[in-house]
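# Descriptive structure summary
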Amino acid sequence: MIRLLAALLLLALPAGAAEFTPEERAALLRHGPWPLPLERDDSNRLSGNQAAIAFGQALFFDPRLSAKGDMSCATCHQPAARYSDKEKGRGEFLRNVPTLLDIRWNRWFGWDGAQDNLWSQSLRPMLSAAEMAATPKLIADHIRSDADLRCRYRAATGTLPEADDDAVAVVASKALAAFQETLTSGPAPFDAFRNDLASGRTPSLSEAAQHGAKLFVGKGQCAICHIGPAFTNREFHDIGVPYLVRPGLVDPGRHLGLRRLSESKLTRLGPFSDDPARESVTTRHVTLLHRNWGEFRVPSLRNLVGTAPYMHNGSKATLRDAVLHYSELNEERLHADGERLLKPLFLGNDEVDALVAFLESLSGPAPAEPTALAACR
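Nothing here was measured: the structure is a model prediction, and the numbers come from that model.

## Quick look at the overall build of the protein
- On a plain count of helices and strands, the protein comes out with 14 helices and 4 strands.
- Computed over its C-alpha atoms, the radius of gyration of the protein comes to 22 Å, within 12% of the 21 Å expected for a compact globule of 377 residues.
- A total of about 17500 Å² of accessible surface is found on the protein, and carbon and sulfur atoms cover 56% of it.
- Seen as two clouds, the 43 positive and the 45 negative side-chain charges of the protein have centres 2 Å apart.

So, in structure tokens, the structure goes:
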């Protein structure tokens with residue numbers, strides 16, 4: 001009955017362009033400007049190195065880095081799909097394949113945040129038995145034996161691949177990270193709208209999307225977690241998506257990620273980090289709590305168009321399905337020891353349509369595929 005009354009009261013949105021209160025305007029302005037400034041990764045000496053970027057691009061599309069020679073990074077992160085995948089999920093827990101666009105601005109990497117840097121995250125799928133199933137020796141031997149890759153290694157580092165397989169594999173992962181740092185998205189329709197608001201011009205966005213913007217920062221309270229120019233607080237939350245993968249297999253999310261982070265040598269504090277100060281306060285002070293069970297990383301909402309399915313497990317086929325999840329939220333699925341930020345929104349059909357229109361406005365044109373590399377000499 002409550003849902004029915006709420007739907008009747010909110011059945012129709014106001015006609016015409018939305019009027020924004022000063023508070024709504026201020027909240028929307030906080031989601032820009034875009035893009036963010038580019039900064040080097042202090043833990044990766046190859047960050048921003050043009051020769052390393054080319055080396056990383058060559059590695060990204062090379063299936064010979066997998067145990068069976070049939071899978072590359074681009075197998076799952078397809079340029080034509082905004083560096084995402086149309087599959088529901090891959091890997092040990094059948095997690096959804098996220099886009100790599102704008103990944104350089106993440107604080108944590110992977111759905112569970114088991115990595116605190118992009119180069120470690122780049123190595124993880126290569127070594128994962130459920131994905132590329134390579135070994136450091138396979139990676140290093142391939143680079144040493146391939147004339148073009150050996151040349152690119154030397155151009156990026158000034159040395160030939162050394163005898164230490166682990167060291168060569170880490171250099172490869174840092175080159176891959178350098179390449180992925182170039183995968184950034186340009187302005188979306190929302191950004192023009194946001195800039196119009198900032199300058200006092202008539203907003204250049206569809207009426208439905210403008211009403212969706214009001215819902216996003218108002219009734220929906222979406223901006224609590226999806227905040228800032230990248231539309232993410234870069235943290236972890238339980239949003240009521242089941243973490244039971246199948247009978248006998250659960251995905252603990254951040255709880256498992258923090259355990260793996262504490263065991264890894266490939267962190268910003270570890271021996272392979274190039275940051276001499278090892279000043280990663282976030283990693284140094286992170287603490288594993290029971291409430292982290294079932295929490296997953298809050299993704300950016302940019303580039304949603306063309307990167308379906310959604311959620312960490314790919315359980316929502318469309319943006320409408322994702323919005324309906326919050327509208328019809330089952331609070332009993334929220335972890336008892338977790339946060340209680342979420343409540344069912346009980347959105348009317350027009351409100352769902354408006355939120356979807358707003359979310360679609362956060363995607364700009366698909367990026368061009370990388371140009372072919374000339375042979376390294």
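Okay, back to it.
## A look at unusual backbone geometry
- Note that the residue after Gly32, namely Pro33, is joined by a cis bond; omega there is 0°.
- The topology assignment puts Pro33 in the loop between α2 (22-29) and α3 (50-60).
- In this structure, Arg82 is a non-glycine residue whose phi angle is positive, near 55°.
- Look at Arg82 and you get buried, because its relative accessible area is 9%.
- For Asp102, which is not a glycine, the phi torsion comes out positive at approximately 70°.
- Of the residues examined, Asp102 reaches a relative accessible area of 7% and is grouped as buried.

## Concerning the nonpolar core
- In terms of nonpolar packing, the biggest core is built from 40 residues, with Phe55, Leu59, Phe60, Met126, Ile139 and Ile143 touching the most fellow members.
- Among the elements of the structure, α3, α4 (73-76), α5 (118-127), α6 (136-145), α7 (147-157) and α8 (165-180) are those that each provide at least two residues to this core.
- Here this core takes 10 residues from α8, the largest share from any one element.
- When near neighbours in sequence (up to four residues on either side) are disregarded, Ile143 contacts Phe55, Leu59, Leu149, Arg150, Tyr153, Pro161, Val168 and Ala172.

## Considerations on helix α9 (residues 189-199)
- The set of residues buried in α9 consists of Phe190, Asp191, Phe193, Arg194, Asp196 and Leu197.
- As for α9, its buried residues are in contact with α2, α10 (207-217) and α14 (349-360).
- Looking one or two residues beyond α9, the residue adopting positive phi is Gly200, at roughly 85°.

## Notes on the confidence of the model for the protein
- Of the residues in the protein, 92% reach a pLDDT of 70 or more, and the chain-wide mean stands at 91.
- In this model, residues 1-14 is a region of pLDDT below 50 whose contacts with residues beyond four sequence positions or in other chains number 13 contacts.

## Comments concerning the pattern of salt bridges
- Here the structure, examined in full by the defined rule, presents 20 salt bridges.
- Residues Asp62 and Arg64 are paired through a salt bridge, measuring 3.0 Å at the closest nitrogen-oxygen approach.
- Taking the relative accessible area as the measure of exposure, Asp62 reaches 6% and is therefore buried.
- What emerges from the salt-bridge pattern is a single network uniting Arg95, Asp112, Asp251 and Arg260.

What counts, and where the lines are drawn
Residues numbered from 1 in each chain as written. Predicted model: local features only at pLDDT ≥ 70, side-chain atom pairs only at ≥ 80, totals over all residues. Heavy atoms only, no water. Helix = DSSP H or I, 4+ residues; strand = E, 2+ residues; numbered from the N terminus. Rg over C-alpha atoms; globule rule 2.2 N^0.38 Å. Areas by Shrake-Rupley, 256 points an atom, 1.4 Å probe, with all protein chains shown as cover. Lys, Arg positive; Asp, Glu negative; His and termini not counted. Charge placed at Lys NZ, Arg CZ, Asp CG, Glu CD. Buried < 20%, exposed > 50% of the residue type's maximum accessible area, 1.4 Å probe, protein only. Core = buried A, V, L, I, M, F, W, Y, C linked by side-chain atoms within 4.5 Å. Contact = heavy atoms within 4.5 Å. pLDDT = per-residue confidence, 0-100. Salt bridge = Lys/Arg side-chain N within 4 Å of Asp/Glu carboxyl O.

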